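Residue-level listing of the chains:
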Amino acid sequence: MIIAEDNFITMILQKNNFLLNLAIKIALLFFFLASCTSTKKEITPAFYHWQTNFSLTQSEKDYLQNLSIKKLYVKFFDVDWNGKMQEPLPVAEVILDTTDLGSIEIIPTIFITNRSLKNYPLEKMELLGENILEKIFSIKKDVQEIQIDCDWSETTEEKYFRLLRFFKKEIQTKNIQLSATIRLHQIKYFKRTGVPPVDRGMLMFYNVDDVKDYKTKNSIIDLEVAKQYFFNFENYPLELDVALPIFSWGVLYRGGGMMKLINNLRAEDLRDDSFFLQTDETHFEVIKSTYLHGRYLYEGDIIRLEMVPLETLQRSAELLKSKIENPNVTISFYHLDTTTIKHYPYESLEEVIDAFY
Amino acid sequence: MKFVPKVSKLTLGDWTTLAQYSIFIFLLILPFQVSKGCGPYHLAFEGYSFMNPNIVNTKATYAPYFLRFNDLYNSPDSLEHIQQDENLQEWNERFCNLYKIEDIKYVIYKATINDMKQLRNASNDKKAKLPKRLKKNNFAHHLRDEKCSEVMEYLIYAKQCERHATVGVGWSTPKRDVIEMQKMIERGKRAFMKTESHYVRLRYAYQIIRLAHYAKAYKAVLKLHDELMPKVHANPSLLDYWIMGHQAGALLKLGDRVEAAYLYSLIFANCSSKRQSAYQSFSIKDNEEWDQLVLKCKSDEERAMLYTIRANHDDSRVIFEMEKIYEFDPTSENLELLLVKEIIKLEKDFLGKDFNDNKKRNKTYFKIPRKNAEKYLDRTLEFVKKCVKEKKVIDLDLWKIAEGYLTFLGGDYGEADQIFTRLKNSIGSENEAMVEQLDAAQLALKIAQYNPPITLKDENEIGNIIRNDPNYWKYKGFPDYINDKLVDMYNKSGEKGKAFRLHHTLDALKMNPDIEMIEDLLRICDKENKSNLEEVLVKKDGLSTIKNDLLLLKGIMFFNDDKIEAAAETFRKIPRNVRDLEPKFNPFHEHIIDCVHCPIADTTMFDRAGIVEELLKLEYQGRAHLESGASSFYKLGNAYYNMTYYGDSWQVTDLFRSGGNWGYVNKDNRYLVYGSELGNIENKKMNQARKYYETALELAKNKELAARACFMLAKCDLNDFYIDPETEYHPYDDLIPVLPEKYNSYYLRFKNEFSDTQFYEEAVDECLFLNAY
């Protein structure tokens, strides 16, 4: 019996060992899964729409659907200083056609020029705020978020922040979130530039270098330049979303000075060697005067072609991943345009989004 | 009067000359003071221009457009006025210019619909009264008396249309009531058909087509145009182009871009009130569209106009377009307008490119001179030469002057001179504007031809230009041009003083004295035969020169270089009566706390020469009686301390001090200052004071005196700490600085060795820093 008892005990012990092992394994698995799910970010893919006519083509709608786009930041209007009226006024108001957009959320985005704030007195910020909100709701009534885009400066910070505080106060009762665009340098030097009083910030990860400077390699995105601003993310008090560029342009130089930008320009537009001579990887000389994208170019003009290769987007995502620590991030691409999206298959942008996980 | 400098007796002529030069110098200096003040600073290109835009036919159709574009056409108000004025002018012409524009304006733009209805009633019913506001309006009387019912009906209709045609300004966006607009169009069409006057019909057509355009019924615009316009047989009117504008707008929306561009070019060519909007709407996408557009043109004049429109872009390469304009229409008056505009741009690239004192700034902020400007100038000159040779252009003399002027800008002075000389003999004196332009161009060339070293003869010649040449004052660029040229030449020939004085006041030199400049100016002061210009440069007021100020500065410079005997000798060269007027000081006393505005009263005061004598005396006493000399050395330390930036006698060693610089301490001790790019140097050197305090501390038998010397040495340390490049402390932070080991030895020593002295108690009470430590 003793033996039997021993066997029983041994059996029990063995069984217990097995159970213990199993319990430990299950616990570890749970812990592992729990730890995995707790660190995985929630990414919301989005797009910007920056044209005055918001009426998406079928190909654009399909593209958004394929990318599971949840939000569209639509520029409703600009606010610019009107010298004649001596007040900031809306310009380029969007014509909104939201047919067949399904569940995609439209986020009104307002671009406010710095000179509007510079010229308008501080005490009138509430009046400006009222006008902006009224205008937004006249275009779209049901809104869950409003985004303000303004490259404010030290001289306009006080006015801009007062305007944002007004927005926040007015819309929080309606459960509307307020976000603002943030430039890279505003993170690095946030103690000097201030932090906008909003719920979230949208980091514009583009226009990182001086577009006017002939020596600039790529003003839209140059990771070496961008890295110089990779400071203070961990101390920045706002949760950040990210806007990534998927646009291209040509920077036109005439007589040594920058003249204008030629939007949506791509290498294939400069292929005709009877008009253009490629002098290096990104520079083209106009050798015979010609129209290009509605601009008249003169013999001797120089174009610097600036594009955002997919690899750069991918690399940007990898760099930013470690910097953006908040659990929910919106990754928004700037901007939706039939010509542009042709050059970025949705599968590639999916990979860019995945890189943030 | 021949301008000959005099040395001794001043005649009335000399006084006049001096006065003129004083005005000249005052004017040279004045702009710096005005433009660089504290107000908003408008960053603009700084250069010269001697091309008078009014040299072209200012009555030419496009002259205001090309020559006054910025101030006229960029203002929405101005555009509105032009449109209104032209419309009123046409109404006036149709009524034989019988009425005051103001009366017509009131009826057309201000009278209400009710006013017009009452007016219409009054014309049908003699008992009916005119509206109050129109009682004294003769134009309204005419409409009533002559029973101009068609006009009145039209005006009522037009005023009713107006609310549908307002463009949204402000925060509210006008909602177009398209159904109501459609009704108005139908009503207008009926009225159009009933109307006999073809001019009124034309106006109806305009209102109807405009309504359709604003209702975004673009196809209807074209249909209405084709339907109504053949039924109008009015004389040419500006309304033809206003209607054409709506037609072009509809075509553009419907995708007929080339036809739209063609119509816009016609509007640009023929209708000044819509010229700017036509220019803005004119758009070409590619070469194919442009080629089609050129083919559409019915004449060479129309083709030339296309290139004129393209030339009008701010950033266009005008010469490329001028060549094409010339090819199609060499007699186009636009060629001359564009030529002048282009020369003014080239002046920025080339005039004074070597000596313009703002050349760095112009390059940095405005990228001027432009890259490849030489190539562009060559092409322009080549084209101008061709025009001169072929003689097809309207104003050949202007092209000849341009040829010479562009040759001058290109640097071929000899050739330019020959062209100008030939022209001088050929241009008739009756062409005053052209003669004046030629003179101005020749003057600019003459000044450019001066080379260093500049002689007495040159200076007198320049003096005569300033005094006698009417163009010097008429062309605002000349004073600066001559000034900058002279400065450049003086700098090249080492005459630093002259160069400095041409751009600065004497006060600017006081902020940061330069011995070479001082010596140069002293040399001029002592010269027996000064040129006209030199007289002015060293003139102070009335008969005196700046010599005494220069001696003072020189003495101060010696003083600061520790050459006190040389300083004393220099100070003594200043006449006694002048020295007596200078402020007096006593730097030898003690201040526990620095205070620059706290001179000790009721003590013996010294002038600078007296201070030097006293310093030498104390030094002698100290050295002669080493055992009891500590107090002499302490006084010497006080003197040198108080004569620095931190003391109440700072003026002994510096003629300009700014308290504001305290906030901008830097290792170079050089501060930005208004009035001189040399900056301001403050005397913050502690070395002399330190030397004497250390000697006093070493020799002091009396512990109280030693405590005093030790404390002052601690203050010297603190002042040196402020300007140490490694110091991160900022005085404006208003915090008590934490001194690193390098600078705290005397503070520690003061605390450790002298805390039992009476002076220590006193110092702790007075000095917050010490108290905190």
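Source: prediction; values computed, not measured.

1. Considering the overall build of chain A
Part 1 of the argument: Scanning chain A from N- to C-terminus turns up 11 helices and 18 strands.
Part 2 of the argument: Counting the 357 residues in chain A, one finds 35% classified as buried.

2. A short note on the overall build of chain B
Part 1 of the argument: Each helix and strand counted, chain B has 40 helices and 4 strands in total.
Part 2 of the argument: In chain B, which comprises 773 residues, the proportion classed as buried is 37%.
Part 3 of the argument: Within chain B, counting contacts between residues at least 6 apart in sequence, those at least 24 apart form 64% of the total.

3. Digging into the interface of chain A and chain B
How large an interface is tends to be reported as the accessible area lost when its parts come together.
Part 1 of the argument: Between chain A and chain B, the contact holds 20 residues from the first and 21 residues from the second.
Part 2 of the argument: Breaking the side of chain A that touches chain B down by element, the ones donating at least two residues are strand S4 (87-91), helix H4 (125-139), strand S12 (257-263) and strand S15 (290-292) of chain A.
Part 3 of the argument: Per-element accounting of the side of chain A that touches chain B gives the leading share, 3 residues, to H4(A).
Part 4 of the argument: A per-class count over the side of chain A that touches chain B returns 7 nonpolar, 8 polar and 5 charged.

4. Comments concerning the pairing of strand S6 (residues 105-112) of chain A
Residues and elements named next belong to chain A.
Part 1 of the argument: Within S6, 7 of the 8 residues are buried, leaving the element largely enclosed by the surrounding structure.
Part 2 of the argument: In this structure, strand S3 (residues 71-82) lies alongside S6, joined through 8 bridges in parallel fashion. What sits directly across from Phe77, in S6, is Ile110.
Part 3 of the argument: Summarising the sheet, S6 and strand S7 (residues 145-149) pair through 3 bridges and their orientation is parallel. Residue pairing across strands places Phe111 opposite Asp149, the latter belonging to S7.

5. Quick notes on the sheet that holds strand S13 (residues 276-278) of chain A
Residues and elements named next belong to chain A.
Part 1 of the argument: Taking strand neighbours across the sheet as the criterion, the 5 strands line up as S12-S11-S17-S14-S13 in an open arrangement whose pairing is antiparallel. Only two strands of the sheet have a single neighbouring strand rather than two, namely S12 and S13. On average, each strand axis in the sheet is tilted by 30° relative to the strand beside it, whichever way the strands run.
Part 2 of the argument: Looking at chain direction, strand S14 (residues 283-286) and strand S17 (residues 302-306) are connected through 3 bridges and run antiparallel. From the neighbouring strand, His283 faces S17, where its bridge partner is Arg304.

6. Focus: the nonpolar core
Part 1 of the argument: Counting residues in each nonpolar core, the largest one holds 189 residues, and the members touching the most others are B:Ala205, B:Ile208, B:Ala441, B:Tyr693, B:Ala696, B:Ala709 and B:Cys710.
Part 2 of the argument: The element contributing the most residues to this core is helix H10 (residues 198-214) of chain B, with 10 residues.
Part 3 of the argument: Two domains each provide a minimum of three residues to this core, namely domain 1 (12-42 + 450-545) and domain 2 (583-772) of chain B.
Part 4 of the argument: Beyond its immediate stretch of four places on either side in the chain, B:Ile208 contacts B:Ile185, B:Gly188, B:Lys189, B:Phe192, B:Leu224 and B:Leu228.
Part 5 of the argument: The next biggest cluster of nonpolar side chains, apart from the first, holds 87 residues, and it includes A:Ile106, A:Ile112, A:Ile220 and A:Val286.

7. A short note on the environment of B:Pro737
Residue and element names in this part refer to chain B.
Part 1 of the argument: Its location among the elements puts Pro737 in the loop between helix H37 (703-722) and helix H38 (741-754).
Part 2 of the argument: Since 17 C-beta atoms lie within 10 Å of it, Pro737 is described here as partly exposed.
Part 3 of the argument: In the structure, Pro737 is positioned 32 residues away from Phe769 in sequence and 8.1 Å away in space, judged by C-alpha atoms.
Part 4 of the argument: Those residues in contact with Pro737, other than ones at most four positions away along the chain, are Phe721 and Tyr729.

8. Some details on the packing of H37(B) against helix H39 (residues 758-766) of chain B
Residue and element names in this part refer to chain B.
Part 1 of the argument: Contact geometry for H37 and H39: axes closest at 8 Å, N-to-C directions at 35°. Packed against H37, whose contacting residues are Glu704, Ala707, Arg708 and Phe711, the element H39 presents Gln758, Phe759, Tyr760 and Ala763 at the interface.
Part 2 of the argument: Class assignment of the residues belonging to the contact of H37 with H39 gives a composition of 5 nonpolar, 1 polar and 2 charged.

9. What about the domain arrangement of chain B?
Part 1 of the argument: On domain assignment, one finds that chain B holds domain 1 (12-42 + 450-545) and domain 2 (583-772).
Part 2 of the argument: The interface of domain 1 of chain B with domain 2 of chain B comprises 8 residues on the first partner and 10 residues on the second.

10. Considerations on the confidence of the model for chain B
Residue and element names in this part refer to chain B.
Part 1 of the argument: Summing up the model confidence of chain B, the mean pLDDT is 87 and the portion of residues at 70 or higher is 89%.
Part 2 of the argument: Predicted confidence for residues 1-41 stays below pLDDT 50, and this span has 34 contacts to residues more than four positions away or in other chains.
Part 3 of the argument: Below pLDDT 50 for its whole length, residues 69-74 participates in 6 contacts with residues either more than four positions away or in separate chains.
Part 4 of the argument: Interface confidence for the predicted complex, given as ipTM, is 0.82, next to a pTM of 0.77.

11. What to know about helix H9 (residues 178-194) of chain B
Residue and element names in this part refer to chain B.
Part 1 of the argument: Taking 1.5 Å per residue as the helical rise, H9 with its 17 residues ought to reach 24 Å, and the 24 Å between its terminal C-alpha atoms agrees with that figure.
Part 2 of the argument: Residues of H9 that are buried include every one of Met184, Ile185, Gly188 and Phe192, and no others. In a view along the axis of H9, the buried residues occupy a sector of 105°, so they form one face of it. Pointing more than 90 degrees away from the buried face of H9 are the exposed residues Ile179, Lys183, Glu186, Arg190, Met193 and Lys194.
Part 3 of the argument: On the buried face of H9, the contacting elements are helix H8 (149-162), H10 and helix H11 (218-228).

12. Re unusual backbone geometry
Part 1 of the argument: Looking along the chain, the bond that leaves A:Tyr334 and enters A:His335 is cis, with omega of 5°.
Part 2 of the argument: Cis rather than trans, the peptide bond between B:Pro452 and B:Pro453 has omega equal to 0°.
Part 3 of the argument: Along the polypeptide, B:Pro453 turns up in the loop between helix H23 (432-448) and helix H24 (456-468).
Part 4 of the argument: If you check the backbone angles, A:Asn232 has positive phi at about 70° while not being a glycine.
Part 5 of the argument: The residue A:Asn232 is located in the loop between helix H8 (223-227) and strand S10 (239-245) in this model.
Part 6 of the argument: Judged by C-beta crowding, with 14 C-beta atoms within 10 Å, A:Asn232 ranks as partly exposed.
Part 7 of the argument: At B:Lys216, a position not held by glycine, the phi torsion is positive, near 65°.

13. A few points about the pairing of S3(A)
All names here are of chain A.
Part 1 of the argument: Two strands pair when backbone bridges link them, and strand S1 (residues 42-49) and S3 are joined in this way by 4 bridges, in the parallel orientation. For His49, the partnering residue across the bridge sits in S3 and is Val74.
Part 2 of the argument: Bridge count for S3 against S4 is 5 bridges, and the pairing is antiparallel. By the bridge assignment for S4, Trp81 is matched with Pro88.
Part 3 of the argument: Taking the residues between adjacent antiparallel strands as the criterion, S3 and S4 are bridged by 4 residues, where Gln86 takes a positive phi near 55°.

14. What to know about the environment of B:Gly494
Part 1 of the argument: On the secondary structure map, B:Gly494 appears in the loop between helix H26 (477-492) and helix H27 (496-503).
Part 2 of the argument: On the basis of neighbour counts, which here come to 13 C-beta atoms within 10 Å, the residue B:Gly494 falls in the partly exposed class.

The rules behind each value
- Residues numbered from 1 in each chain as written.
- Chains lettered and ligands numbered in written order.
- Predicted model: local features only at pLDDT ≥ 70, side-chain atom pairs only at ≥ 80, totals over all residues.
- Helix = DSSP H or I, 4+ residues; strand = E, 2+ residues; numbered from the N terminus.
- Buried ≥ 20, exposed ≤ 12 C-beta atoms within 10 Å, placed from the backbone.
- Contact = placed C-beta atoms within 7 Å.
- Nonpolar A, V, L, I, M, F, W, Y, C, P; charged D, E, K, R; others polar.
- Pairing = 2+ DSSP bridges.
- Axes fitted to C-alpha atoms, helices over the stretch in contact; angles between N-to-C directions.
- Core = buried A, V, L, I, M, F, W, Y, C linked by C-beta atoms within 7 Å.
- Domains from an automatic or database assignment.
- pLDDT = per-residue confidence, 0-100.
- Expected span 1.5 Å × (residues − 1).
- Arc of directions from axis to C-beta.

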